[in-house]
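# What the coordinates show
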Amino acid sequence: MVLGGLLLYPIYQLGLISFFHYTQAQVSGGQPATFEGFGNYREIFSDAQFWQVLLATVVFAAACVVSTLSVGCALAVLLTRVRALPRLALMLAALGAWATPAVTGSTVWLLLFDPDFGPVNRMLGLGDHSWTYGRLSAFLLVLLEVVWCSFPFVMVTVYAGIRAVPAEVLEAAELDGASQLRVWRSVLAPMLRPILVVVTIQSVIWDFKVFTQIYVMTNGGGIAGQNLTLNVYAYQQAFASSQYSLGSAIGIVMLLILLAVTLVYLRLLRRQGEEL
Amino acid sequence: MKPSVRSVRSVRLVAPVAALALAGFTATACAPETSDNSSSGKDEQTGTLRVWLFQEVGNTPKEKVVTSVVDAFEKAHKGVDVKVEYIPVETRAQRIKAAFNDPKSAPDVIEYGNTDTAGYVADGGLLDVSKEFAAWDEATDTDPTARQSVTVDGKVYGAPFFVGVRALYYRTDVFKELGLDVPKTMAELTTTAHEIRAAEPDLYGLVVGGAFTYGAMPFIWANGGELATGRGGSYASAIDSTAAQKGIKAYTSLFGDDNCPAAKCAGMGGNDTITAFAAGKAGMAIGGDFNHAAVQAGKVKDDYAVVPLPGVEAGSVAPAFAGGNNLGVLNSTSHRTLAVDLMEQLASKQTQTRLFDAMGFLPTFADVRETVAKKQPYVAPFVKTLAAGTKFVPASPAWSRIDSSLVLPTMFQEIVSGKKDVAAASAEAAKKMDDAFGSAG
Amino acid sequence: MYGNVVQAGRGVRGVRRFVRRPWRLAAEVSALLIAAVVAFPLYWMVLSAFKPAGEIESTEPRPWTSAPSLDSFRRVFGQQEFGRYFLNSLVVACSVVIVSALIAFLAATAVTRFRFRFRTTLLIMFLMAQMVPVEALTIPLFFLMRDFGQLNTLGALILPHIAFSLPFAIWMLRGFVKAVPEALEEAAYIDGASRSRFLWQILFPLVFPGLVATSVFSFISAWNDFLFAKSFIISDTSQSTLPMALLVFYKPDDPDWGGVMAASTVMTIPVLVFFVLVQRRLVSGLGGAVKD
């Protein structure tokens, strides 16, 4: 009860707030909250920058999801093929990357790639090339950090999934004379499918909402805001100055986009005959 | 799967799950939640006073000073218990807003950053202490900018606790080797910066940052520009005025291969510039009294000196931004008299002197500052900068939005990266600022 | 196990032995190389924690330090109530892990073994809370916590974290429960096992790798949380958690990177310890469990 309320009641409040004029003054009861209808939404949609940021966010998130999933899955498979020692080494390294607080991880990466103080430019012989000045190279740097700290989640989950397939099932398939490809297609993939689905959806949600990495690594959205993503934009325009109603409206827009992506994805799976 | 006996049991498991979902729809209300934070109106003379101060990295010396003030206060007021908590600066926004929302958790006295004053006042969180402040004898020596930083719309909402101000750090060894003189005007500052860079291509002449707003403001102010004009709720941006544009041009002209390459400097903030200076990558930098320790720990230790940032005229000082922290009393306090008294004790001349000794916090009283400058020569240029007159950001709740949405850094970066010229970028920034002033009113 | 299957498909049995060795060697070498690359930023973090002030950002970045110093760690441990924060974090993370694993296990069994309408809808609804910026949720959650009287207690951290880690945990475990052949369940009942016996003694160990993976997930997200900790623990610093001890070093005008790196190192170690403790379960797989 309590937990479900914890998840859904805030969403309901959020939707409600997005139709009001609601700032810190209203929260603390200094002024009454006034109903504004779609005023907050009008403000967002009439802002040209919002659309640019939205586009950048979608492309960036898609790149992050694809890279994270491919790296994570590839390494999960790699883990099943090695002995205990390299496996533990890779797992611990990955876990460390995952466990590092996002602010620290971002700071360290920035330090590594710093044109004056970083070792990476030295090693690559790039002189004092600045990674954060160009729009694409700044996004690339953030992408690398995002993949670094989120592939372990995919790797560990998928690895656990592969491990959960009972040996008997695989042996039986083998005895039946199934080829390697067939084993993967008709035994492993269907069993891993639900896990891959949730890992994908989770990654989409996280990468669409990426905040700390952009905020720290591009110093709040890059040169003249070129690296802004939606979550950082919402923070700067609304939450940092307690414009909760505006922030909630952006939040609802994000919710609808992510919901749409999720539903389309699930529908596509269903059309392929995959039942969730 | 066909329904089976097993499924029946499963229903029991499902039930709570479904109930979880339902809970969200049943707990409905008609309007967003608000809380009641009106002042309690009570003025109790005994009980517990709660104080929130910022937790510094080496906090023990601060705690010692505060504890002794608190002990004396408790001795003077029978039946009063003071509880001090130290909160990380990074958590202040959430904590203090939460305190406004939940008077039960709220402290009586808080330390807060002086740029937050107008916002907290608009949130209805801070108590108007104009009367007490006027009656406080020590307040007559409070420096005008510090007083401005606790004032919104003519009313006083706290007592200045300490100030922070920036001046020009320069490398004595580099200047000596190249036979350079310390710049006396802003124009000389630029030529000196170019000379350093020309002679030592590995160094930035004067390291500047596109996101270093407080380093750029003196250039605008020295040229007679303002960020915004007006009083109280009705501010209007002045960032696109001719004078302000001149200042913006002066600052942005420092970005380039002949001083501080845009590719590296456009993204820098205040910290990055001082870090570069401390690591020996720059001939000059604009840094605060609070950066002293970091520079001293760096490679350049003992090879640098500090002077006030020169203004346009020879011998003048460019007005600096006066940062720092204030103390204030929360609206929800039920111990008004005691809380204001404790605030004055914590912000008194004596406490500020001791805090300077312990933590290096610059006092907000002009006379106390003169005294401490004699004890610690390194603060002299900062005290001189303060004495020459400093400036403050617009006392409007809109400032927090202008600040967090990076209006000014965006403007500088657009110019520096060649995306826009000074006129276009400043006009755009002025529009954004006016939007914020308009919606916050 | 998976590797074996793949290799087994590789044609002639006699050749297998010879093909297998270089393949595995290549795999192991690349695993170690990747581990090194992944660990490099971590190494740099720990290194920076040991560097004396002023050497972290120097124009000569060296992968070692000539004068290792414990000063940064001293500043971390010297904080008021550091031990208390550590314990609080441990309490929060462990409660979240245990409670969410239990609930998720039961709920996952329910949604897998019983088909009902809106099953997917329900799961997506659980995920909805994660689709909005978390700052947007703190205000409504703040009022909820206040109404529950949980403000300033560890409950205000535990409850939301359980709620946030459950959707993933349920969905993830579903995959694992689904992977358990139904024949096994039938067999258990034929052998006379009761339902709760099947649930706890047969199914539970079978989905353990999944539980481990979700536990790591919920442990890390609870352990590293800043936002709830600073929004809901307002006036009682004795209820604060470890990330607050890290935030002290992020000063807007004068950050202490040595302290940040040292505090982060200290924060990362318990996660690694937790993982080492549970990873055997993850790695051991199910072959044995099923045969018993």
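By the naming in an unreviewed UniProt entry, chain B is ABC transporter substrate-binding protein, taken from Streptomyces lacrimifluminis. Recorded in UniProt for chain B, the comment headed Sequence similarities (unreviewed entry) runs: "Belongs to the bacterial solute-binding protein 1 family."

Chain A is annotated in an unreviewed UniProt entry as Sugar transporter of Streptomyces lacrimifluminis. Regarding chain A, the UniProt comment filed under Sequence similarities (unreviewed entry) reads as follows: "Belongs to the binding-protein-dependent transport system permease family." We quote the UniProt Subcellular location (unreviewed entry) comment for chain A here in full: "Cell membrane".

Let us now look at the overall build of chain B. A tally of regular secondary structure across chain B gives 20 helices and 15 strands. Dimensions of chain B, computed from the C-alpha atoms along their principal axes, are close to 90 × 70 × 45 Å. Put simply, of all contacts in chain B between residues at least 6 apart along the chain, 75% involve residues at least 24 apart.

One frequently used descriptor of interface size is the decrease in accessible area upon assembly of the parts. Residues and elements named next belong to chain B. Annotation of chain B at the domain level lists domain 1 (47-164 + 323-391) and domain 2 (166-321 + 397-440). Between the C-alpha centres of domain 1 and domain 2 the distance comes to 29 Å. The interface is formed by 20 residues belonging to domain 1 together with 18 residues belonging to domain 2. With four residues, the top contributor of residues to the side of domain 1 that touches domain 2 is helix α17 (residues 380-387).

Let's shift gears to the UniProt feature "transmembrane region" (unreviewed entry) in chain A. Residue and element names in this part refer to chain A. This chain's UniProt record puts "transmembrane region" (unreviewed entry) on residues 49-78, 90-113, 133-162, 183-205 and 244-266. The span residues 49-78 carries 100% helix and 0% strand; its end-to-end C-alpha distance comes to 43 Å. The annotated region residues 244-266 carries 100% helix and 0% strand content, and the separation between its end C-alpha atoms amounts to 32 Å.

To continue, consider the pairing of strand β3 (residues 109-113) of chain B. Residue and element names in this part refer to chain B. The buried count for β3 comes to five of five residues, which makes it a mostly enclosed element. A two-sided burial pattern is seen for β3, the buried positions comprising Val-109, Glu-111 and Gly-113 on one face and Ile-110 and Tyr-112 on the other. When β3 meets strand β14 (residues 323-329), the two strands line up antiparallel, connected through five bridges. Looking at β14, one finds that Glu-111 is bridged to Leu-327.

Chain A puts 85 residues into the contact, and the matching count from chain C is 81 residues. Counting residues per element, the side of chain A that touches chain C draws most heavily on helix α5 (residues 84-99) of chain A, which supplies 13 residues. Along the lines of polarity and charge, the residues of the side of chain A that touches chain C split into 58 nonpolar, 18 polar and nine charged.

The next point concerns helix α19 (residues 407-416) of chain B. Residues and elements named next belong to chain B. Summarising burial for α19: 10 of the 10 residues are buried, a large majority. Among the residues of α19, those classed as buried are Val-407, Leu-408, Pro-409, Thr-410, Met-411, Phe-412, Gln-413, Glu-414, Ile-415 and Val-416. After α19 finishes, the residue Gly-418 shows a positive phi value of roughly 75°.

Attention now moves to the nonpolar core. In terms of nonpolar packing, the biggest core is built from 328 residues, with A:Val158, B:Leu206, B:Val207, B:Phe277, B:Met343, C:Ile170 and C:Leu173 touching the most fellow members. With 18 residues, helix α8 (residues 135-164) of chain A is the largest single contributor of residues to this core. In contact with A:Val158, other than residues within four places in its own chain, are A:Gly72, A:Cys73, A:Ala76, A:Leu192, A:Ile195 and A:Val199.

What counts and what doesn't
Residues numbered from 1 in each chain as written. Chains lettered and ligands numbered in written order. Predicted model: local features only at pLDDT ≥ 70, side-chain atom pairs only at ≥ 80, totals over all residues. UniProt positions renumbered as here; feature names shortened; annotations may be inferred. Helix = DSSP H or I, 4+ residues; strand = E, 2+ residues; numbered from the N terminus. Contact = placed C-beta atoms within 7 Å. Domains from an automatic or database assignment. Buried ≥ 20, exposed ≤ 12 C-beta atoms within 10 Å, placed from the backbone. Pairing = 2+ DSSP bridges. Nonpolar A, V, L, I, M, F, W, Y, C, P; charged D, E, K, R; others polar. Core = buried A, V, L, I, M, F, W, Y, C linked by C-beta atoms within 7 Å.

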